[in-house]
Amino acid sequence: MTEQLNEQELLQYIANETNADEKLIKLVLKHEQAFIGSAKEDENGEVDIDGDELVDYVLSRPDVKSNELVVESILDAEMDYLMDKGLAGYVD
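A brief report on the enclosed structure follows. (Residues numbered from 1 in each chain as written. Predicted model: local features only at pLDDT ≥ 70, side-chain atom pairs only at ≥ 80, totals over all residues. Heavy atoms only, no water.)

Let's shift gears to the nonpolar core. Counting residues in each nonpolar core, the largest one holds 20 residues, and the members touching the most others are Ile14, Ile25, Val28, Leu29, Val71 and Ile74. Secondary structure elements with two or more residues in this core: helix H1 (7-18), helix H2 (22-37), helix H3 (51-60) and helix H4 (68-84). Leave out the neighbours within four places in its chain, and Ile14 touches Asn19, Ile25, Leu29, Ile74, Ala77 and Glu78. (Core = buried A, V, L, I, M, F, W, Y, C linked by side-chain atoms within 4.5 Å. Buried < 20%, exposed > 50% of the residue type's maximum accessible area, 1.4 Å probe, protein only. Helix = DSSP H or I, 4+ residues; strand = E, 2+ residues; numbered from the N terminus. Contact = heavy atoms within 4.5 Å.)

If you add up the space inside the second largest pocket, you get close to 220 Å³. Around the second largest pocket sit 13 residues that line it, and Leu5, Leu10, Leu29, Gln33 and Glu78 are the ones nearest its centre. Looking at the lining of the second largest pocket, the elements that each hand over two or more residues are H1, H2 and H4. Among the elements that take part in the lining of the second largest pocket, H2 stands out by supplying five residues, more than any other. (1 Å grid on protein atoms, 1.4 Å probe; cavity = no way out; pocket = protein on both sides within 12 Å on 5 of 7 lines; lining within 4 Å. Points joined across faces, edges and corners; volume = space filled by probe spheres on them.)

For the structure shown, the criterion picks out two aromatic pairs. When the centroid spacing of 5.5 Å and the interplanar angle of 50 degrees are considered together, the rings of Tyr13 and Tyr81 count as tilted. Placement of the pair is Tyr13 in helix H1 and Tyr81 in helix H4, with a sequence separation of 68 residues. A residue is classified by how much of its surface remains accessible, and Tyr13, at 22% relative accessible area, is partly exposed. (Phe/Tyr/Trp six-rings, centres within 6.5 Å; stacked < 30°, edge-to-face > 60°.)

Structure, rendered in structure tokens:
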């Protein structure tokens, strides 16, 4: 993977796709990282993240004042960006 994650570009991409506030985007991504960081790796060193569990986790944080649709759209836009850059993918 030769692409490096450009955080400002990522934030701008998500904001353009979702019309969400940049503060909310940063907050959702921060909680997403905490959730992923606590996930268990499999024998291949990969982490399987359930999207519904992730959204529920983010929405359960007391500082997140949003709804399921907005949080899902932020996370979906982030995944689209990461896949476009070759930094992430889905496992069937």
